[in-house]
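So the chains spell out like this:
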Amino acid sequence: MKIAVTGGRPVLTRHAEAETCADPSSVMTLLSDSDSTTGGFTSYRSTFAKGAVGAPAHFHTKATELFFVISGSLQVLVGEEVTVLEAGDFLAVPPHTPHAFAAAPGCEADVLSVFTPGMGRFDYLRLLGRVMRGEADAKEIAASAERFDNHYVDSPVWRAALEVSA
């Protein structure tokens, strides 16, 4: 069998060579950023500890965000609905759709995330880690909304789900 590569080059990231960003409740393994991929996608793996809060409600104007749960359980908000994704579940969130995620109550979660089309998001993930560790001001995240296509919104539904989980 012949494997054809069209429109670009293959991307290989060895686990041992991947950069990681850690905060008190999760570890993100940076796999591929859009500047290293033809066709532009960004991918990373997040491992959430029990009780990890994940991301607050937000949306993207350009990218579809894909989630694949490798193990554990991930609680997600999509629009106005909260549900739990289990190991093996896949979710695609289109642009302009508010969404949020956290480890499901009492669970850990190991999740592969992909953005397509991608944009240089690794600097955003690094910034998140610095903010969570108290090394940077959260105002830097708000100031980067356009640059990283990450727009935060208020979600009473998500806030209520997190309160029940606590």
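Residues numbered from 1 in each chain as written. Predicted model: local features only at pLDDT ≥ 70, side-chain atom pairs only at ≥ 80, totals over all residues. Heavy atoms only, no water.

Within this structure, the stated rule accounts for four aromatic pairs. Residues phenylalanine 67 and phenylalanine 101 carry aromatic rings whose centres are separated by 5.2 Å and whose planes lie at 65° to one another, so their mutual orientation is edge-to-face. Taken together, the residues span a long stretch of sequence, with phenylalanine 67 in strand E5 (residues 64-78) and phenylalanine 101 in strand E8 (residues 99-103) at a distance of 34 residues. Overall, phenylalanine 67 belongs to the buried group, its relative accessible area being 2%. Of the residues examined, phenylalanine 101 reaches a relative accessible area of 8% and is grouped as buried. Ring centres of tyrosine 124 and phenylalanine 148 lie 5.4 Å apart, and the angle between their planes is 50°; on these two criteria the pair is classed as tilted. A residue pair is termed long-range when its members are at least 10 positions apart, and tyrosine 124 in helix H1 (residues 122-132) and phenylalanine 148 in helix H3 (residues 145-148) qualify at 24 residues. For the pair tyrosine 124 and phenylalanine 148, one class covers both residues: buried. By way of ring pairs, the aromatic residues Phe48, Phe67 and Phe101 are connected into one cluster. One residue, arginine 121, lies across the ring of phenylalanine 115, its end atom 4.1 Å from the ring centre. (Phe/Tyr/Trp six-rings, centres within 6.5 Å; stacked < 30°, edge-to-face > 60°. Helix = DSSP H or I, 4+ residues; strand = E, 2+ residues; numbered from the N terminus. Buried < 20%, exposed > 50% of the residue type's maximum accessible area, 1.4 Å probe, protein only. Lys NZ or Arg CZ within 6 Å of the ring centre and 35° of its normal.)

A few words on a nonpolar patch on the surface. A contiguous nonpolar surface patch, about 280 Å² in accessible area, is contributed by Phe68, Ile70 and Phe90. By the secondary structure assignment, isoleucine 70 is in strand E5. Isoleucine 70 gets classed as partly exposed once you look at its relative accessible area, which sits at 36%. (Patch = residues over 30% accessible without salt bridge, like charges linked within 9 Å, V, L, I, M, F, W, Y side chains within 5 Å. Areas by Shrake-Rupley, 256 points an atom, 1.4 Å probe, with all protein chains shown as cover. Salt bridge = Lys/Arg side-chain N within 4 Å of Asp/Glu carboxyl O.)

Okay, unusual backbone geometry next. Cis peptide bonds are those with omega within 30 degrees of zero, and the linkage from threonine 116 to proline 117 qualifies with -10°. Following the sequence through the fold, proline 117 ends up in the loop between strand E9 (109-116) and H1. Even without being glycine, histidine 96 reaches a positive phi, approximately 70°. Mapped onto the secondary structure, histidine 96 falls in the loop between strand E7 (90-93) and E8. Classification of histidine 96 by relative accessible area gives exposed; the value is 53%. Backbone geometry at aspartate 149 places phi at a positive 50°, although glycine is not the residue there.

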